[in-house]
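Examination of the molecular architecture
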Amino acid sequence: MTTVSDRDLQRYLEVATEAALAAGAVLQTYWGKLEHIEQKGRPGDLVTEADKAAEAVVLDVLTRHLPDHPILAEESGSLRAADESPFLWAIDPLDGTTNYTHQYPFSAVSIGLLIDGHPAVGAIFDPFREDLFRAAKGHGATLNRRSIQVSTTDKLADSLLVTGFAYDRHERIDNNYAEFCHLTHLTQGVRRGGAASLDLAYVACGRLDGYWERGLSPWDMAAGVVLVEEAGGHVTAYDETDFDIKSGRILATNQRIHTILSQVLKQVQPLENFQPMAIAES
């Protein structure tokens, strides 16, 4: 287990903050002015010049301050060999690209640092509300430099949840549709934000009580996991076993509804016969 001093953790947090704010400024500049929107693979998996420009700024900040740290970036992939280092920066320069392309203001920059494979530092910046979420292991979580805590909701029926649907939802039965429908009936509501980092940040500051999703990448979760845990929440796999960032699945809550939400997710069966109706476009 790698030992990192409090001083170094704070330094890494400041670097993450600098990168997040710099990329956020890029996203503000490109807002409403996109000229190149490309599809990377599956339907809905988009990339724009804003993604690329914001990522370039993040890479520049990380490389200047921490030239030996490996980086895993959504658009550029792996930069510098990670096998020999306990550190790995997992970055998403524009989480919520689809929202951004439609000028739906729910996107963020997410900068997370894994140490020995575990989320340890995170900075998430919402360029529209100018909300800056920050956290480091053992140092608490903040929103715009003020301490935050998860909600105190202790009943599933009183909770407001959030989830999402992966790009492969068109191709598999395990697509989260059944879970979404079932929990919509058991709670005050289930939102679909479209930016996993902000979903986790909102759980951390108590705006939402719980979050689950599948099909995620490390850069979607790294920063948000630290926020939730440092704000007093709980993060695990669906079945309450240890969270594994490589699994793509996450259950994050205010801790009070964690077990019951896990139990409900375990009970729900996929909608095996679900077939969306084809609509002819004129």
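Conventions used here
- Residues numbered from 1 in each chain as written.
- Predicted model: local features only at pLDDT ≥ 70, side-chain atom pairs only at ≥ 80, totals over all residues.
- Heavy atoms only, no water.
- Helix = DSSP H or I, 4+ residues; strand = E, 2+ residues; numbered from the N terminus.
- Buried < 20%, exposed > 50% of the residue type's maximum accessible area, 1.4 Å probe, protein only.
- Contact = heavy atoms within 4.5 Å.
- Areas by Shrake-Rupley, 256 points an atom, 1.4 Å probe, with all protein chains shown as cover.
- Phe/Tyr/Trp six-rings, centres within 6.5 Å; stacked < 30°, edge-to-face > 60°.
- Lys NZ or Arg CZ within 6 Å of the ring centre and 35° of its normal.
- Pairing = 2+ DSSP bridges.
- Polar contact = N/O pair within 3.5 Å; in protein donor to acceptor, adjacent residues only side chain to side chain.
- Expected span 1.5 Å × (residues − 1).
- Bend = angle between axes of the 7 residues up to and from the residue.

1. Focus on the overall build of the protein
Helix and strand content of the protein: 7 helices and 15 strands. Overall size of the protein, expressed as C-alpha extent along the three principal axes, is 50 × 50 × 35 Å. Here the protein, with 282 residues, has 53% of them falling under the buried criterion. Counting contacts in the protein only where the partners sit at least 6 residues apart, residues at least 24 apart contribute 63% of the total. Carbon and sulfur atoms form 48% of the exposed surface of the protein, whose accessible area is close to 13,300 Å².

2. Describing the packing of aromatic side chains
Applying the stated rule across the entire model yields 8 aromatic pairs. A ring pair is formed by Tyr12 and Phe87, whose centres lie 5.6 Å apart and whose planes are at 70°; its orientation type is edge-to-face. Of this pair, Tyr12 sits in helix 1 (residues 6-30) while Phe87 sits in strand 5 (residues 87-95), placing them 75 residues apart in sequence. Comparing Tyr12 with Phe87 shows no difference in burial state: the two are buried. By way of ring pairs, the aromatic residues Trp31, Tyr100 and Phe128 are connected into one cluster. Note that Arg207 overlies the ring of Tyr202, its terminal NZ or CZ placed 4.7 Å from the centroid. Stacked on the ring of Tyr238, the Lys or Arg Arg249 has its end atom at 5.2 Å from the ring centre.

3. Quick notes on the environment of Val235
Structurally, Val235 can be placed in strand 14 (residues 234-236). The spacing of Val235 and Val121 is 114 residues in sequence and 15 Å in space, taken between C-alpha atoms. Once residues within four sequence positions are removed from consideration, Val235 is found in contact with Val225, Val228, Glu229, Phe243, Ile250, Leu251, Ala252 and His258.

4. Some thoughts on the pairing of strand 11 (residues 160-163)
In the sheet, strand 11 pairs with strand 12 (residues 189-192) via 4 bridges, with the strands oriented parallel. Bridge pairing links Val162 to Arg191 in strand 12. Here strand 11 runs beside strand 13 (residues 210-213); their pairing, made up of 2 bridges, is parallel. Within strand 13, the position partnered with Val162 by the bridge is Tyr211.

5. Thoughts on the environment of Ala204
Locating Ala204 in the fold gives a position in helix 5 (residues 196-204). Given a relative accessible area of 0%, Ala204 falls into the buried group. Counting along the chain gives 23 residues from Ala204 to Leu227, while the straight-line C-alpha distance between them is 5.8 Å. In this structure, Ala204 is in contact with Ile148, Gln149, Val150, Leu227, Val228 and Ala231, ignoring residues within four places of it in sequence.

6. Points about the side chain of Thr253
Within the secondary structure, Thr253 sits in strand 15 (residues 250-253). Judged by its relative accessible area of 0%, Thr253 falls in the buried class. A polar contact is formed between the side chain of Thr253 and the side chain of His258, at a distance of 2.8 Å.

7. Let's talk about helix 6 (residues 218-230)
Helix length check: helix 6, at 13 residues, gives a terminal C-alpha distance of 18 Å against a target of 18 Å (1.5 Å per residue), a fit within 8%. Maximal helix bending in helix 6 amounts to about 25°, located at Gly224. Helix 6 sits mainly inside the fold: 11 of its 13 residues count as buried. For helix 6, the complete set of buried residues consists of Trp219, Asp220, Met221, Ala222, Ala223, Gly224, Val225, Val226, Leu227, Val228 and Glu230. Of the residues one or two after helix 6, Gly232 is the one with positive phi, at around 100°.

Distances and angles like these do not, on their own, reveal function.
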